[in-house]
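# Reading the structure
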Amino acid sequence: MNKRKMYIRMITASLLRRRSRMVIALLAIAIGATILSGLVTIYIDVPRQLRAQFRSYGANMLLAATERTFTKEDVDKALAVIPGEEIVGVAPYRYETVRINDRPILAAATDMEGAKASSPFWKVDGSWPASDEEVMVGKNVADTFRLFEGDRISVTYRPEDAGEEDLDNSVDLTVTGILDTGGKEEDYIYMTIAMMEELTGEDRGFNVCEMSIASEQSDLSGYADRISADSSVLDAKLVKRVTQSETTVLGKLQALVLLVTIIVMLLTMICVATTMTAVVTERRKEIGLRKALGASDRSIINEFMGEGLVLGAVGGLLGAVLGFWFAQAVSMNVFNSSISLMPWLLPATMVVSVLVTGIACLIPIRSATDVDPALVLKGE
Amino acid sequence: MSTLLELKNVSKIYGDLHALDHVNMKVEKGEWLAIMGPSGSGKSTMMNIIGALDKASEGEILLDGEDIAKKSAKALTNIRRDKIGLIFQQFHLVSYLTAVENVMLAQYYHSVPDEKEALEALERVGLKDRARHYPSQLSGGEQQRVCVARALINYPEIILADEPTGNLDEANEEIVVELFRKLHEEGTTLVVVTHNPEVAEVAQRTIVLRNGKVDHESINPDFTGKIKHITLQ
Amino acid sequence: MFIRMIAKAFLRQWKKMVMIAFTIALGASLATAMLSVMMDVGDKVNHELKAYGANISVVPKNASVISELYDIEDGDVSGEYLAEDELGKIKTIFWAFNIVDYAPFISTEAVLDEGSTVTVKGTWFDHHMALPTGEELDAGVISMRSWWEIIDGDWLDEQKLGSDFCMVGTGIAQKEGISAGQTIRLKGPKAEKDLTVAGVFDAGSDEDNEIYVPLDTAQEISGLEGKVSSIEVSALTTPDNELARKAAEDPGSLSVSQYETWYCTAYVSSICYQIEEVITDSVASAVRQVADSEGQILNKTQMLMILITILSLIGAALGICNLVTASVMERSQEIGLMKAVGAHNPAITGLVLTEIMCTAVIGGVIGFFAGIGFAQIIGHTVFQSAIEIRAMVVPIVIVLVIVVTLIGCIPAIKMLQSLRPTEVLHGRA
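Residues numbered from 1 in each chain as written. Chains lettered and ligands numbered in written order. Predicted model: local features only at pLDDT ≥ 70, side-chain atom pairs only at ≥ 80, totals over all residues.

## Digging into the overall build of chain A
The helix and strand inventory of chain A stands at 12 helices and 10 strands. For 380 residues, the compact-globule estimate of 2.2 N^0.38 gives 21 Å, and chain A exceeds it by more than 25% at 34 Å. Dimensions of chain A along its principal axes, counting C-alpha atoms only, are 120 × 45 × 35 Å. The 380 residues of chain A split such that 51% are buried. Long-range pairs, those at least 24 residues apart, make up 83% of the contacts in chain A with a sequence separation of at least 6. (Helix = DSSP H or I, 4+ residues; strand = E, 2+ residues; numbered from the N terminus. Rg over C-alpha atoms; globule rule 2.2 N^0.38 Å. Buried ≥ 20, exposed ≤ 12 C-beta atoms within 10 Å, placed from the backbone. Contact = placed C-beta atoms within 7 Å.)

Spelled out as structure tokens, the structure:
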């Protein structure tokens, strides 16, 4: 048997046969590592998750026409600039003045699914229009005309080139929902793009396109500049109210999580260190004995550190897995979405655990090796 | 016979207390020496200094003609490793290592662990069949025999035993004493610190300490150096 | 004798005791800091979310749609207005304390020198109010339009500059070539006035094509003295729940006790209801874009902090537990000796427990104050304001420290009780 085998045999013996102590040490390290990997994962993933939450404030980028209108193709070209996974919702709008009961009302035609995604705060009493025959009316419009869900309304439109004797275009639509936003949207009626074309008799393109994009503000203004530069008909602008405020609030929240992470981590690491210190201090006698048998300080440190490192690595591994599990649980509970896996965190957690364990063990080992073995063996 | 260990004017002072006060002493190679004395007479201090576990405040300590009194802690560690075998009253076995592993631990620090040799050493102290037991599974006598095996595994120049029978009953005491006799027979130098006259009696020579000084010395007239017939279990 | 033994234990083992106290202090400070931050984070984030502007808009009861609709037609129908002298009442409602900011608006058309017609809005910029409660408040668009980027000049400081100034949207400024410091003449429906441009702003919205002037200036040129057409209110609210949704439909559908709960909770709907009570002929409604999102983000943030707090509490608890176990086990020798001299298990248990508990109390107290410190560091660094320490934190931390320390002692004490003195003294344990 060579020295290395004996070394390994001693360490495994110590780890496996001093079970209660080792469980304590391992538990301490695993807790530390869990908190470390869990909080770091949350810290890194939180901006992404929260950004998605902030999309509930609705569109943060507007595409306006430089001329009069733009087409669906222009919008698609603009969207190609933005990474697909960052696009939350896109709603192009075409506005026309129509009449209900001879009173002028602003009508908006849009892609209902897109509007639902880009303006998640819209509250609809009833349901969104599912077919071209259906219409959603703003709350103020509904109040004015005493409209309720299920009512049928006649919407008329007078083309600009209509002559004196021409009759107005007219369609009959069913009200499926009343829109409540607390904003100017309550003054509009919303219909599908196809119905607007039927009513007006022409496809005139869109006036505005609202977009909700989950990106950082700097990326966002980059996209806006690119879109404006690439297209002659589009002018992309950021909705300052949304982007600016998001940057402010998100910055604060991120700082909060960062600070909390640092403080919790610091305190936990110290906690792990004191526990390791207690576990090693218990073995002062053994260190004294080894010294009496002629062990050099170096070989004693090697042996105890070997043990510490094994514990640190195993605890770190355990903690990394538990930490990921915890972060996942948090993410599922808070954001209903899965956390992104960061493989580098596994070795990083293990390295930190090994370092903390190593430093925590080194202090009591050193203090034990510094004392004369005779004193240690006699018992305090 | 040549001198293995010589203490010249050795003192150990703790504050005002002279634990050892200008002690002179010689140990010949192959000699079996007992050191006696009441509590507080300086026995343990003497043992620690001879065992290179502690440093003297003054004086010279010649081991194999080399003065170890002024050596560094590191050098003392090497001396312990190479030349001295220690046996303690409290046994001091590593609780999570088996008997044979405890013996191998001494080999490990000295040179290279050799399980076969370690088992042979246990066989010499009559514990071959207990080699895979942990200290907690062994009786006090058995534990002390493991310590003896551990002390002699590296063929030290000198074996130092500090109250080796202090925690043992009479039967076990006898077994340990017989082991010493056997070691002596084989030419090992033995220094046994004890306050048990029965253990001291069987040594070749006894030094009695009092208040840190050598009070008197006596040679055992009945010393035969022969092994009594005992059976080790 | 008992006390003497404990005192001795402290003296002899002060290093170990210090370590235990230190760890308990760490755990307690962690618990205190996290609990305090968690309990206060709602308020803090709520304040931060005020960056999004008003979450309640108040308009006159009848006029709202009709006036706007008729505006499209012929642009000259006198709708109904809210009275300016009632504005102060908003700060007298039940939830007045939660109203952090508000600003009235009045909109009119005016003709510039060059002949182009622009929308002019009169409002408060940093209007100073001394409330009947003795509270003082600066309210207005400077804080409620925090996202406006001033690209030329500065904010219109109403208190310093008075009412002969205006702020111009970047759209108009570009079109008309207006820059800060210049004087423009606004010709309103009733009067005209020369105003100095205090600043040009970029709002990233339709507001870029409007001119903002102090409220009385707009009233003067439009002839609508003492009237406002809408009020934007920024209030701290509690996220909506089922009750709030039901009440928002119709407060009359609630039972008396439900009504009381609703009225006395800062739901956006109950604040709206209370504003309607004090402002004559008004309709207050939640701006869903802000109000709903706010609730969602508040809930998520709070939930996140709760989970992180739970994790750190578990961490702190296990850490303390562990160390207590480790340090009691370390003393097996001493306890074996006590048993050998005839101490009974209960006596030993009592001794160990008393020692550890004394240490725990010292550590806990130190940790509590350290934790308050940590909470304040977080509060000042992140939110630039102190974290309020709720009274509830104290009992939670006390119970946590005691229970956790006791649990930490259980395995160790079990082990100690099963110790046989001979084994310990003969070094076999």
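## Some remarks on the overall build of chain C
The number of helices and strands found in chain C is 15 helices and 14 strands. Taken against the 2.2 N^0.38 rule, which gives 22 Å for 429 residues, the C-alpha radius of gyration of chain C at 33 Å runs more than 25% over that of a compact globule. Sorting the 429 residues of chain C into buried and exposed places 48% on the buried side. For chain C, long-range pairs separated by at least 24 residues make up 77% of all intrachain contacts whose partners lie at least 6 apart in sequence.

## Describing the domain arrangement of chain A
Size of an interface, as often reported, equals the accessible area lost when the parts are brought together. According to the domain assignment, chain A consists of domain 1 (3-53 + 248-378) and domain 2 (60-238). A C-alpha centroid distance of 57 Å is found between domain 1 of chain A and domain 2 of chain A. (Domains from an automatic or database assignment.)

## Section: the interface of chain B and chain A
Contacts between chain B and chain A engage 24 residues on the former and 22 residues on the latter. Elements supplying a minimum of two residues to the side of chain B that touches chain A: helix 2 (73-83) and helix 3 (99-110) of chain B. Ranked by residue count, the leading element in the side of chain B that touches chain A is helix 3 of chain B, at seven residues. Grouping the constituent residues of the side of chain B that touches chain A by class yields 13 nonpolar, four polar and seven charged. (Nonpolar A, V, L, I, M, F, W, Y, C, P; charged D, E, K, R; others polar.)

## With respect to the domain arrangement of chain C
The domain architecture assigned to chain C consists of domain 1 (2-45 + 295-425) and domain 2 (55-286). Put simply, the middle of domain 1 of chain C and the middle of domain 2 of chain C, counted by C-alpha atoms, are 54 Å apart.

## As for the sheet that holds strand 2 (residues 17-28) of chain B
All names here are of chain B. Reading across from one edge, 2-1-4-5 is the order of the four strands in this open sheet, with antiparallel pairing throughout. On the outer flanks of this sheet lie strand 2 and strand 5 (66-67), each paired with one strand and no other. The pairing of strand 1 (residues 3-14) with strand 4 (residues 58-63) spans five bridges and is antiparallel. Among the inter-strand pairings, Ser11 is bridged to a residue of strand 4, identified as Glu58. Relative to strand 1, helix 1 (residues 43-50) is tilted by about 125°, and along the sheet it contacts strand 1, strand 2 and strand 4. (Pairing = 2+ DSSP bridges. Axes fitted to C-alpha atoms, helices over the stretch in contact; angles between N-to-C directions.)

## Some points on the interface of chain C and chain A
Between chain C and chain A, the residue contacts involve 60 residues of the former and 59 residues of the latter. Contributions of two or more residues to the side of chain C that touches chain A are made by helix 2 (14-49), helix 3 (63-73), strand 14 (282-286), helix 11 (288-329) and helix 13 (345-383) of chain C. Sort the elements by how many residues they give to the side of chain C that touches chain A and helix 11 of chain C lands first, with 22 residues.

## Points about the nonpolar core
Within the largest apolar cluster, 316 residues are counted, with the highest numbers of intra-cluster contacts made by B:Val103 and C:Ile56. Sort the elements by how many residues they give to this core and helix 11 of chain C lands first, with 20 residues. (Core = buried A, V, L, I, M, F, W, Y, C linked by C-beta atoms within 7 Å.)

## Re the sheet that holds strand 10 (residues 213-219) of chain B
Residue and element names in this part refer to chain B. One open sheet accounts for six strands, arranged 6-7-8-3-9-10; its pairing is mixed. Two strands bound the open sheet, and with one partner strand each, they are strand 6 (84-87) and strand 10. Geometrically, the sheet is characterised by an average inter-axis angle of 20° between neighbouring strands, direction not taken into account. Two elements, strand 6 and strand 7 (residues 158-162), share four bridges in a ladder whose sense is parallel. Its bridge partner being in strand 7, Leu86 is matched across the sheet by Leu160. Of the strands in this sheet, strand 6 and strand 7 are in contact with helix 5 (residues 140-152), which crosses strand 6 at around 170°.

## Comments concerning the packing of helix 1 (residues 3-17) of chain A against helix 10 (residues 297-335) of chain A
Residues and elements named next belong to chain A. Remark: helix 1 packs on helix 10, axes separated minimally by 10 Å, with the N-to-C direction vectors making an angle of 55°. Relative to helix 10, the element helix 1 lies oblique. In this structure, helix 1 crosses over helix 10, and the sense of that crossing is right-handed. Where helix 1 abuts helix 10, its residues Tyr7, Met10, Ile11, Ser14 and Leu15 lie against Glu303, Gly306, Glu307 and Val310. Here the contact of helix 1 with helix 10 is built from residues that sort into five nonpolar, two polar and two charged. (Parallel < 35°, antiparallel > 145°, perpendicular 65-115°, else oblique. Left-handed = near helix turned anticlockwise from the far one by under 90°.)

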